[in-house]
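Structure at a glance
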Amino acid sequence: MSVSLARVSCHEVRLAPRSRICRRAVLNIRHNSNTVSEAEQQNLTWPEYLEIRKSKRKWETAATIPACILGLVGGLAYFGSLESDATKPIMGIDPLFFYGGCTVSCMGLGYLIGPTIGAAGWRMTHRRAMNLIEAKDREFHQHIVKNRVDPTAQSATNPVPDFYGEKIGSLHQYRQWLRDQARFRRKAQFAEE
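Here the structure is a predicted model, which means the values were calculated and not measured.

Definitions and cut-offs
- Residues numbered from 1 in each chain as written.
- Predicted model: local features only at pLDDT ≥ 70, side-chain atom pairs only at ≥ 80, totals over all residues.
- Heavy atoms only, no water.
- Patch = residues over 30% accessible without salt bridge, like charges linked within 9 Å, V, L, I, M, F, W, Y side chains within 5 Å.
- Areas by Shrake-Rupley, 256 points an atom, 1.4 Å probe, with all protein chains shown as cover.
- Salt bridge = Lys/Arg side-chain N within 4 Å of Asp/Glu carboxyl O.
- Helix = DSSP H or I, 4+ residues; strand = E, 2+ residues; numbered from the N terminus.
- Polar contact = N/O pair within 3.5 Å; in protein donor to acceptor, adjacent residues only side chain to side chain.
- Contact = heavy atoms within 4.5 Å.
- Core = buried A, V, L, I, M, F, W, Y, C linked by side-chain atoms within 4.5 Å.
- Buried < 20%, exposed > 50% of the residue type's maximum accessible area, 1.4 Å probe, protein only.

Another aspect to go through is a nonpolar patch on the surface. Residues Leu109, Tyr111, Leu112, Ile113 and Ile117 make up a contiguous nonpolar surface patch of roughly 530 Å² in combined accessible area. Structurally, Leu109 is set in helix α3 (residues 95–125).

Structure below.
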């Protein structure tokens with residue numbers, strides 16, 4: 001019987017009454033599994049995590065574009081095939097404008113659903129490391145909550161910069177986010193005095 005992906009190692013076994021050494025071969029079989037080893041879990045660094053975050057955002061954006069197009073085409077196909085009488089308004093609006101608005105609403109629905117579809121696809125491709133990524137997400141969120149500014153001090157001339165840290169995709173961008181938060185605090189503090 002041959003075993004693929006197998007590694008054979010020999011272990012020494014000492015028998016109690018006599019000091020004879022008997023060697024036996026033990027097969028250590030590596031199975032393909034969906035779990036991440038402890039060593040791999042502890043090795044996810046911040047730059048790797050931020051790169052993973054950036055790839056997730058790209059997946060969401062990439063899924064949004066076709067979802068918008070499908071929403072628009074679906075709305076055009078449905079509302080374009082309806083027969084309407086121009087003399088009978090729908091809710092007080094001309095049918096052409098009403099159906100046009102409904103078609104654009106279908107495109108907007110695709111815009112809203114697209115990131116959800118992209119995130120689901122991304123999660124399916126990164127299933128093995130999802131526990132690790134979620135743990136880093138919680139830790140990252142704690143950093144964001146601890147360092148972000150109070151939004152009650154915002155004004156039209158001093159808006160809050162990226163309150164949720166959504167645009168952070170690298171350590172450089174994280175440091176820039178921290179600087180922007182500090183700049184906002186200084187502006188808000190000087191405006192009060």
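Turning next to the side chain of Asn147. Assignment of secondary structure puts Asn147 in helix α4 (residues 130–147). Here Tyr174 takes part through its side chain, which lies 3.3 Å from a polar atom of the side chain of Asn147. Every residue in contact with Asn147, bar those within four places of it in the chain, is listed here: Tyr174, Trp177, Leu178, Gln181 and Arg185.

Our next topic: the nonpolar core. Taken as a class, soluble globular proteins show a tendency for nonpolar side chains to be buried jointly. One finds Tyr49, Phe140, Ile144, Ile168 and Tyr174 to be the most contacted residues of the largest nonpolar core, which totals 13 residues. Only α2 (46–81), α4 and α5 (171–192) provide two or more residues apiece to this core. Those residues within four positions of Tyr174 in sequence are excluded, and the remaining contacts are Phe140, His143, Ile144, Asn147 and Ile168.

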